[in-house]
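Working through the structure, step by step
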Amino acid sequence: MTKFIAFAFLLFSSTFAFSQKNKSKNIETSKPFVLGVIDEIQSKELNEKRILNIYLPEGYNPAEDTKYPVIYLLDGSADEDFIHISGLVQFNSFEWINQVPKSIVVGIATVDRKRDFTFPTTVENDKTRFPTTGHSDPFIAFIEKELQPFIEKKYKTNDSKTIIGQSLGGLLGTEILLKKPTLFNKYVIVSPSLWWNNGSLLDLDSEMLKENFNQPTEIYIAVGKEGLAPTAIPHVMEVDANLLAEKLKESKSKSVKTYFDYFPEESHGSILHTAVSNFFKFFYPKSRQ
C-alpha cells in the first residue's frame, strides 16, 4: 500500500511538473503582434509632442536603396483609422493583388481635431459650440515644416505623398489642396465638412485652378448618403462635395485630375473604409493588369 501511494505521488508530481513546464513554455513563446512602430515628434509649431503611428511595408529595409510612397493619414490614432487603413494598404499591395505599390502609412494621432482641422469661422454659434476651433494654420505649418521633413529624413521615401482626411479631416485636406496644393500630389477627401464657415472654402480661389499650375495632382472626393449638415443655413453634404468636385474639374491646369465617387449605401460614419479601398482603383489603374 505504501509503495502504491509513493508511486501515485511520483506520477502526480511528474504530471504536475510536466504541466507547469508546458505552461511556462507557452508563456515564453507568446509575443506581441506588431503592426508598425510608434514614433513621436516634438512640434515647435504646435508647442506639443505628437504621436505618429507608422506602418512599414513588408520587406522594408533602411539599409537598402528602395524608396516608398508615403500616405499621411489624419485621425491616425490606433483607436481611430490607422489599423484598418494600414490593412487596406497592405492588402492592396500583396503581389497577387498588385493594386498599389508598397507604401509607408503615417498615422497622425489626434489631439484635438476641432482645433487642428478647422480655420477661423465667422459663425458665432460654431465658436460657442467648438471653442478650441480655428487653428488649422499652425497644424498645416506642422505638416509642411516639421512632419514631412522628419519622415523624409528618417524613412526611405520617394516623391509620392498622399493625404487622407474624412469629415473635418476632409475639410483640412480641402484647405491644404486650395491653399498649399504642392504639399501633396494625391488628395483623398472623404465626406468633407465643407459647411464650415458657411461653405467659404468653396469660394476660395487657388493656384491649382490656374493654367500654369504644373505639379501632377490627383484628387479623389467621396461622399455617402449623408443629408443635412449641422448648420443654421442649410447645407447638404452630398451637394457640397459635388460642388467641390465641379470646382476642381474646372481647373485650367492639365496637371490636375479630379475623381468623384458617390456611395448611396454608406453613411458619414461608415464611408471611409469603402472610399479608401476604391480610391486605389482611380489612382493606380495600370497596376490592375
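Keep in mind that what you see is a predicted model, and the values were worked out from it rather than measured.

1. A closer look at the side chain of E238
Position of E238 among the secondary structure elements: in helix α7 (residues 237–249). Although E238 lies buried, it forms no salt bridge, and the closest oppositely charged side chain, K225, sits 5.1 Å away as judged by the N-O distance. Not counting residues within four places of it along the chain, the set of residues in contact with E238 comprises V223, G224, K225, E226, G227 and Y262.

2. A short note on the packing of helix α2 (residues 82–93) against helix α8 (residues 271–283)
Packing of α2 against α8 brings their axes to within 10 Å, and their N-to-C directions diverge by 25°. By the criterion of interaxial angle, the relationship of α2 to α8 is roughly parallel. Like other packed secondary-structure pairs, α2 and α8 cross with a definite hand, here right-handed. Where α2 abuts α8, its residues H84, I85, L88, V89 and N92 lie against L272, H273, V276, S277 and F280. Partitioned by chemical class, the residues of the contact of α2 with α8 number 6 nonpolar, 4 polar and no charged.

3. Topic: the packing of aromatic side chains
Summed over all chains, the structure comprises 15 aromatic pairs. Residues Y259 and F282 carry aromatic rings whose centres are separated by 5.2 Å and whose planes lie at 50° to one another, so their mutual orientation is tilted. Of this pair, Y259 sits in strand β8 (residues 256–263) while F282 sits in helix α8, and the two are 23 residues apart along the sequence. Taken together, the aromatic side chains of Y220, Y259, F279, F280, F282 and F283 make up a single cluster linked through ring pairs. Over the face of the ring belonging to F119 we find K179, whose NZ or CZ atom lies 5.4 Å from the ring centre.

4. With respect to the pairing of strand β2 (residues 48–55)
Counting buried residues along β2, 6 of its 8 residues qualify, which places the element largely inside the surrounding structure. Note: strand β1 (residues 37–43) against β2, 7 bridges, orientation antiparallel. For I41, the partnering residue across the bridge sits in β2 and is R50. Between β1 and β2, which pair antiparallel in sequence order, lie 4 residues; one of them, N47, sits at a positive phi of approximately 60°. Bridging between β2 and strand β4 (residues 104–108) involves 4 bridges; their strand directions are antiparallel. Following the sheet pairing, I54 is matched in β4 by V106.

Rules used in this analysis
Residues numbered from 1 in each chain as written. Predicted model: local features only at pLDDT ≥ 70, side-chain atom pairs only at ≥ 80, totals over all residues. Heavy atoms only, no water. Helix = DSSP H or I, 4+ residues; strand = E, 2+ residues; numbered from the N terminus. Buried < 20%, exposed > 50% of the residue type's maximum accessible area, 1.4 Å probe, protein only. Lys, Arg positive; Asp, Glu negative; His and termini not counted. Salt bridge = Lys/Arg side-chain N within 4 Å of Asp/Glu carboxyl O. Contact = heavy atoms within 4.5 Å. Axes fitted to C-alpha atoms, helices over the stretch in contact; angles between N-to-C directions. Parallel < 35°, antiparallel > 145°, perpendicular 65-115°, else oblique. Left-handed = near helix turned anticlockwise from the far one by under 90°. Nonpolar A, V, L, I, M, F, W, Y, C, P; charged D, E, K, R; others polar. Phe/Tyr/Trp six-rings, centres within 6.5 Å; stacked < 30°, edge-to-face > 60°. Lys NZ or Arg CZ within 6 Å of the ring centre and 35° of its normal. Pairing = 2+ DSSP bridges.

As far as function goes, none of this settles anything; it's purely spatial.
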